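A closer look at the structure
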Amino acid sequence: MEKPVPKVAVLEEINGPITLQDFPDSQPSPGGALVEVALGGICGTDVHLRTGHLNVPLPLAMGHEAVGWIRKLGDGLTTDVEGQPLAVGDRVVWANNIPCGSCHECLVLKEPTLCLNRKIYGINRRASDFPHLQGGWAEMIVLEAGTTIIKIPDSVSFEEVITLGCAGPTAIHGVVENLKIEPGSVVAVQGAGPVGLASAMYAKAMGAALVVILGGPTSRIEMALQIGAADAGVDMDSYPTAPERLDAFRQLTPHGGGADVVIECAGVPSAVAESIDLARPNGQLLVLGQYTDHGPTPINPHLITKKQLKVFGSWGFAPAHYVKYVKSLPQLVKNHDLASILSVYSLEEINDALADVASGSVTKAALRPGTKNEA
Ligand SMILES: [Zn+2]
Ligand SMILES: [Zn+2]
């Protein structure tokens with residue numbers, strides 16, 4: 001019997017439907033691997049790239065978050081990035097981007113997230129180019145040499161890895177590496193999507209005494225409290241205006257002061273003006289949610305000076321952040337029921353799943369391809 005050909009979710013045109021197409025799998029090149037996808041995560045960025053907010057090559061092999069089993073190892077690939085032996089059947093995850101390592105941003109600025117030559121699975125790889133299987137919404141993906149492959153710890157499930165597939169490493173980069181959060185810190189997180197939830201969880205892990213999540217809908221705030229991502233919530237349904245939210249937030253903080261740290265993960269430009277108000281004098285502010293350019297917004301820069309705010313920006317993540325994310329998972333899943341946030345769809349349901357992510361009716365979605373030859 002002939003071996004079935006792997007299916008790959010492909011975007012042919014901006015705003016068009018995503019179709020499943022057949023591409024042959026191949027022997028991985030030296031240093032690479034062929035991986036059977038167990039779950040492919042859907043990220044908010046996928047909604048934006050489908051609608052043309054990000055410049056992507058077409059036809060695009062979609063899916064920049066995925067986990068799966070090693071099916072073939074290319075010559076010379078014997079360990080994961082941490083030096084653990086790799087074998088066929090192992091459960092792995094990988095950083096979706098491969099910085100070039102030789103540009104000004106990589107070498108001089110030492111900021112591989114800013115590398116303009118990065119290869120990113122599911123974002124800038126054409127399905128029509130060899131080796132075709134270049135997205136995570138697929139039955140198989142071919143990882144090339146230079147991919148940061150990490151074995152998944154035994155105590156962590158595929159679902160738990162993919163729930164914060166992009167959000168976890170994004171928060172490691174933005175929150176853990178930039179911000180000074182100490183035992184006793186009061187942290188405000190704007191936005192209850194995956195990046196907001198991940199930021200809240202890491203703020204707690206860093207010792208924050210009070211983490212307040214501001215966002216909506218009410219059901220998401222309730223879920224954030226239920227999984228222990230935040231200690232309190234200010235939901236947009238009950239407090240629809242910025243002054244009302246500011247007042248509600250201040251009432252939750254000791255002495256009605258502001259936040260030591262504000263983490264903007266809302267993705268709405270106007271949220272940044274609100275961040276400035278939420279911060280206490282000498283506080284820190286991280287603008288993390290504006291990954292897609294939604295245009296300018298009025299802010300009062302006087303308050304940044306007067307309050308002596310420390311303002312940070314952080315763009316995506318580099319492979320090293322992904323490694324830290326995976327290493328943090330055994331502890332994170334002890335503290336928070338990550339898998340409870342996840343809604344799983346079949347690969348064939350991709351267009352419905354993407355629509356549900358776009359409408360916000362699910363917090364986090366992932367696709368489970370049909371092949372069932374589990375190791
Ligand atoms: Zn993403
Ligand atoms: Zn580079």
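Here's a quick rundown of the structure. This is a predicted model, so every value here is computed, not measured. (Residues numbered from 1 in each chain as written. Chains lettered and ligands numbered in written order. Predicted model: local features only at pLDDT ≥ 70, side-chain atom pairs only at ≥ 80, totals over all residues. Heavy atoms only, no water.)

1. Details of the pattern of salt bridges
Rules: Each salt bridge in this description consists of a side-chain nitrogen of Lys or Arg and a carboxyl oxygen of Asp or Glu lying within 4 Å of one another. A run of DSSP states H or I qualifies as a helix once it reaches four residues; a run of E qualifies as a strand once it reaches two. Both are numbered from the N-terminal end. The rule is simple: take the accessible area with a 1.4 Å probe, protein chains only, and divide by the maximum for that residue type; under 20% is buried, over 50% is exposed, in between is partly exposed.
Summed over the entire model, instances satisfying the criterion amount to 13 salt bridges. Residue Glu-36 pairs with Arg-71 through a salt bridge whose shortest N-O separation is 2.6 Å. Taken together, the residues Glu-36 in strand S3 (residues 33-42) and Arg-71 in strand S5 (residues 65-73) connect sequence positions 35 residues apart. Exposure remark for Glu-36: the relative accessible area of 0% places this residue in the buried category. Given the relative accessible area of 18%, Arg-71 is considered buried. With its nearest N and O atoms 2.7 Å apart, the salt bridge here joins Glu-144 to Arg-125. With a gap of 19 residues between them, Glu-144 in the loop between strand S9 (140-143) and strand S10 (149-151) and Arg-125 in the loop between strand S8 (119-120) and S9 connect regions that are remote in the sequence. Note on Glu-144: relative accessible area 18%, which makes it buried. Classification of Arg-125 by relative accessible area gives buried; the value is 18%.

2. A short note on the nonpolar core
Put simply, the rule is: We define a nonpolar core as any set of buried Ala, Val, Leu, Ile, Met, Phe, Trp, Tyr and Cys residues linked to one another through side-chain atoms lying within 4.5 Å. Residue ranges assigned to each domain were obtained from an automatic or database domain assignment.
In terms of nonpolar packing, the biggest core is built from 56 residues, with Val-67, Val-187, Met-201, Ile-263 and Tyr-325 touching the most fellow members. The biggest single contributor to this core is helix H10 (residues 319-335), with seven residues. Taken together, domain 1 (7-166 + 317-368) and domain 2 (167-313) each give at least three residues to this core, which thus spans both.

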